[in-house]
Amino acid sequence: MISEKFRYHSTIQRLGREIKEHKEQVMNRLDWGLLVKFEDKITSVSRFKASKKRSALDQKLERLVDNEKKGTDRWVRNFSGRPLSEAEHKVLSKDQRGGTISSSDKGRSTVVLDRSEYEFKAVTLLQDANTYEVVEADPIQKLQRKVEGELRKLKESRLISEREWMLMKPGDSVIPKMYGLPKIHKEGVPLRPIIAFRGSPTYNLAKALAKRLRPVVEKSERMLKNSTDFVDRLRGISLEEGDILVSFDVKSMFTSLPQDLLKQAVLSKVEGSEEFRDNEKLSTEELVRLVNLCLDSTFFRFREKVYHQRIGTPMGSPISVVLAEMAMQEFEEEMLAAAPVALKTWMRYVDDVFVIMKEDVGTV
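None of these values were measured; they are calculated from a predicted model. (Residues numbered from 1 in each chain as written. Predicted model: local features only at pLDDT ≥ 70, side-chain atom pairs only at ≥ 80, totals over all residues. Heavy atoms only, no water.)

Colleague: I'd love a proper account of the side chain of arginine 348, names of residues and values included.
Modeller: When you line up the elements, arginine 348 lands in strand 9 (residues 345–349). In this structure arginine 348 comes out as buried when scored by relative accessible area, which is 0%. Engagement of the side chain of arginine 348 in a polar contact is seen with the side chain of glutamate 332, the distance being 3.0 Å. When near neighbours in sequence (up to four residues on either side) are disregarded, arginine 348 contacts Arg222, Met223, Leu224, Glu325, Met328, Gln329, Glu332 and Val353. (Helix = DSSP H or I, 4+ residues; strand = E, 2+ residues; numbered from the N terminus. Buried < 20%, exposed > 50% of the residue type's maximum accessible area, 1.4 Å probe, protein only. Polar contact = N/O pair within 3.5 Å; in protein donor to acceptor, adjacent residues only side chain to side chain. Contact = heavy atoms within 4.5 Å.)

Right, here's the structure in full:
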């Protein structure tokens, strides 16, 4: 039964690859100016649909309020199948204009927070002076000119094509906004900061660089693609007496990785991949300069203030996952090479690590 399930899964993956190949063939035959306009149209439609969904959610929440005809003074109707706690009832009983509705950081839950509590958590997060700093002036126009200048040089030097230039250059840019997703699985329900980068000066550049650099990180034997890949690898492992299973993760990985480590990881990975270098027009120096431009330009707005992220890479930028993966691979290669003993198994999905080691190894 299980083998049959995985056979179907591999068939779906194969069909997905074929669809992607056909899509690229069609796109290569079309006019890129038309494609950019088409992508903008899709974006506007997506925003319209998102607005309709928010409106529908607002209407559902309004129906939670009992009307006077039902002869009850309750402000909340509970559909959850369990009694509401005093704290939940307090939040939901307030005027919805004083609340914030959000998806949870993990899972498919909808979270309703008191607006003052939400803003307090967000402002407290942004008061970390090691990670964020307040910027007095809006830097977006200056940043847009800088990105356009860098790309114009590459285009005039014929290092990027007309098609690549159109895909990388910014449009009418706006400063990204930050919002927080409640981590309901953690004590105190802290927020995970997400920056809505779409429409920012570096969004298209970051998206193009991520696509360019992704093949470099996909070669790692320790990187897991998904849960199915994890299960497949476990099938070939036999536990012996004395083996123990260990799992851990990196705390706030995206906002804690030093930018020097991120930049060094890009340099090391690009230089270390002969296959990548043979198929890439841009020099390592030019690639690193473009990556640095994305890393050093993390500006965003929360309420009336503009902030600059000084460390790490922001969640919400298309290039963040690739850069974080490069840094984690660089770190684990150095760490495992220096480990006093060889570990039986080391597998990682983004920042979640799974290890099999001997119980008597001690501290690694």
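That covers the picture; the talk isn't over yet.
Colleague: Give a description of the packing of aromatic side chains that names residues and reports values.
Modeller: In the structure shown here, the tally under the stated rule is four aromatic pairs. Aromatic pair phenylalanine 248 and tryptophan 346: ring centres 5.9 Å apart, planes at 70°, arrangement edge-to-face. Residue phenylalanine 248 is found in strand 6 (residues 243–249), and its partner tryptophan 346 is found in strand 9; the two are separated by 98 residues along the sequence. A relative accessible area of 13% places tryptophan 346 in the buried class. Members of the aromatic cluster, joined through ring pairs, are Tyr132, Phe300 and Tyr307. We note lysine 155 situated over the ring of tryptophan 165; from NZ or CZ to the ring centre the distance is 3.7 Å. (Phe/Tyr/Trp six-rings, centres within 6.5 Å; stacked < 30°, edge-to-face > 60°. Lys NZ or Arg CZ within 6 Å of the ring centre and 35° of its normal.)

Colleague: Lay out the pattern of salt bridges in plain terms, naming residues and giving numbers.
Modeller: Following the criterion strictly, the structure yields 16 salt bridges and no others. Measuring nitrogen to oxygen at the nearest pair gives 3.3 Å for the salt bridge that ties arginine 233 to aspartate 229. Of this pair, arginine 233 and aspartate 229 both sit in helix 8 (residues 227–235), four residues apart, roughly one helical turn. Arginine 233 sits in the partly exposed class, given a relative accessible area of 25%. Among the residues examined, aspartate 229 registers a relative accessible area of 14% and is labelled buried. (Salt bridge = Lys/Arg side-chain N within 4 Å of Asp/Glu carboxyl O.)

Colleague: Explain the nonpolar core to me, and be specific about the residues and the numbers.
Modeller: With 38 residues, the main nonpolar core has Leu205, Leu209, Leu213, Val291, Ile319 and Met326 as its most contacted residues. The set of elements that each furnish at least two residues to this core consists of helix 5 (140–156), helix 7 (203–217), helix 9 (253–256), helix 10 (259–272), helix 12 (284–295) and helix 13 (320–338). Look past the residues within four positions of isoleucine 319 in its chain and what remains in contact with it is Ala206, Leu209, Ala210, Leu213 and Val291. If you look at the next biggest cluster of nonpolar residues, it comprises 14 residues, including Ala122, Tyr132, Met178 and Phe300. (Core = buried A, V, L, I, M, F, W, Y, C linked by side-chain atoms within 4.5 Å.)

Colleague: Give me the lowdown on the environment of valine 246, citing residues and values where you can.
Modeller: With respect to the secondary-structure elements, valine 246 resides in strand 6. Along the chain, valine 246 and methionine 357 lie 111 residues apart, while their C-alpha atoms are 7.8 Å from each other.

Colleague: Help me get a handle on helix 12, residues and values and all.
Modeller: Taking 1.5 Å per residue, twelve residues should reach 16 Å; helix 12 reaches 16 Å between its end C-alpha atoms and fits that length. Buried residues dominate helix 12, accounting for nine of its twelve residues. (Expected span 1.5 Å × (residues − 1).)

Colleague: Please set out unusual backbone geometry residue by residue, giving values where relevant.
Modeller: Phi angles above zero are rare outside glycine, and arginine 158 is one such case at about 60°. Tracing the backbone through its elements, the reader meets arginine 158 in the loop between helix 5 and helix 6 (162–168).

Colleague: Now, about empty space enclosed by the protein: what can you tell me, with residues and values included?
Modeller: Applying the stated criterion across every chain, the model contains two cavities of 30 Å³ or more. Here the largest cavity is characterised by a volume of approximately 50 Å³. Considering the residues around the largest cavity, the lining is formed by Phe197, Thr202, Cys294, Leu295, Thr298, Thr313, Pro314, Ser317 and Ile319. Residues of the lining of the largest cavity, tallied by class, amount to five nonpolar, four polar and no charged. (1 Å grid on protein atoms, 1.4 Å probe; cavity = no way out; pocket = protein on both sides within 12 Å on 5 of 7 lines; lining within 4 Å. Points joined across faces, edges and corners; volume = space filled by probe spheres on them. Nonpolar A, V, L, I, M, F, W, Y, C, P; charged D, E, K, R; others polar.)

Colleague: Give me the lowdown on a positive patch on the surface, citing residues and values where you can.
Modeller: Residues Lys20, Lys23, Arg163, Lys211 and Arg214 make up a contiguous surface patch of positive charge. Of all elements in the fold, only helix 1 (2–29) and helix 7 reach the threshold of two or more residues within the positive patch. By secondary structure assignment, the location of lysine 211 is in helix 7. By relative accessible area, which is 57% here, lysine 211 ends up exposed. (Patch = residues over 30% accessible without salt bridge, like charges linked within 9 Å, V, L, I, M, F, W, Y side chains within 5 Å. Areas by Shrake-Rupley, 256 points an atom, 1.4 Å probe, with all protein chains shown as cover. Lys, Arg positive; Asp, Glu negative; His and termini not counted. Charge placed at Lys NZ, Arg CZ, Asp CG, Glu CD.)

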